[in-house]
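# Structure at a glance
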Amino acid sequence: MIKLCLLLLGISLFARENPFFPTGSELDIPLNIAQNQKTPALKRATLSLPSTAREIQSIIVKYKNLDGSISTKELELHNSIDWHLPIFISQNYELSQDLKQEQKTFKVQKKKIIKFKKFTSLSFISFYTKGKTLKIVTKDKLLRSFLIVRPHRIVCDFKRNIDLKSFKKPANKKNIFKKITIGTHKGYYRVVIELDGYYKFNIKHTKNRYFINLH
């Protein structure tokens, strides 16, 4: 009987020392079936924002922990952005280097755009573009300007008595200013400038020139 008790005590002590048998003070990390499935590694993801976006306030990352629980982490930024360009998310050094090269190429291309390019013209008015600026060259007085949506357009009325067929000129290639339409009314003609997204605008006037600046 004494031998049997000593044998059971030895088994009990062995079980506590065995790493495959946790003691009551240990905490287990639950493992679910989904954790056994291999998740593809993050290379690069892109996020495109709508044309109304102007500033990025923060980035929130939602991630899964080892125990299967979900957490979030927020990074405060407060930076201005160009909605035409996508936002990249990457965790790969080589891709990060590629991204730097893309940004460098974009900056070089941006620096090259230093002159206004002719968009279209009629005998009494001409239009030139450079980035987010439209230059209008005319001797006619601007009576009014306003914004209409769906699609987003700037309307400018210029004083002149003229009889002209409706004139339309789309952009030859990708351009912030997508199309210019001109139509005549009694005592003035109307210029409608269609944009590629949502913008605010202001107009600066110098001699025979109007500059429409988007922001």
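See the structure shown above.
So, here is what we can say about the structure in this document.

Okay, the sheet that holds strand E9 (residues 153–159) next. An order of E8-E9-E12-E11-E10 is seen for the five strands of this open sheet, with the pairing classed as antiparallel. Two strands lie at the open edges of the sheet, namely strand E8 (142–148) and strand E10 (167–170), each paired on one side alone. Direction aside, neighbouring strands of the sheet carry axes that sit 15 degrees apart on average. Relative to E9, E8 is paired through six bridges, and the arrangement is antiparallel.

Right, let's talk about the environment of Arg-153 for a bit. With respect to the helices and strands, Arg-153 occurs in strand E9. Judged by relative accessible area, which is 22%, Arg-153 ranks as partly exposed. On a C-alpha basis, the gap between Arg-153 and Val-192 in space is 6.4 Å, while along the polypeptide they are 39 residues apart. Not counting chain neighbours up to four residues away, the residues in contact with Arg-153 comprise Phe-146, Leu-147, Ile-148, Val-192, Ile-193 and Glu-194. Polar contacts involving the side chain of Arg-153 include one to the main-chain carbonyl oxygen of Val-149, which spans 3.4 Å.

The subject of this paragraph is the sheet that holds strand E7 (residues 133–137). Pairing in this open sheet of five strands is antiparallel, and the strands run E5-E6-E7-E14-E13 from one edge to the other. Two strands lie at the open edges of the sheet, namely strand E5 (117–122) and strand E13 (201–206), each paired on one side alone. Taking the axes of each pair of neighbouring strands and ignoring which way they run, one obtains an average angle of 20 degrees across the sheet. Examined bridge by bridge, strand E6 (residues 125–130) and E7 share five bridges and lie antiparallel to one another. Across the sheet, Ser-126 pairs through a bridge with Val-137, a residue of E7.

What counts as what
Residues numbered from 1 in each chain as written. Predicted model: local features only at pLDDT ≥ 70, side-chain atom pairs only at ≥ 80, totals over all residues. Heavy atoms only, no water. Pairing = 2+ DSSP bridges. Helix = DSSP H or I, 4+ residues; strand = E, 2+ residues; numbered from the N terminus. Axes fitted to C-alpha atoms, helices over the stretch in contact; angles between N-to-C directions. Buried < 20%, exposed > 50% of the residue type's maximum accessible area, 1.4 Å probe, protein only. Contact = heavy atoms within 4.5 Å. Polar contact = N/O pair within 3.5 Å; in protein donor to acceptor, adjacent residues only side chain to side chain.

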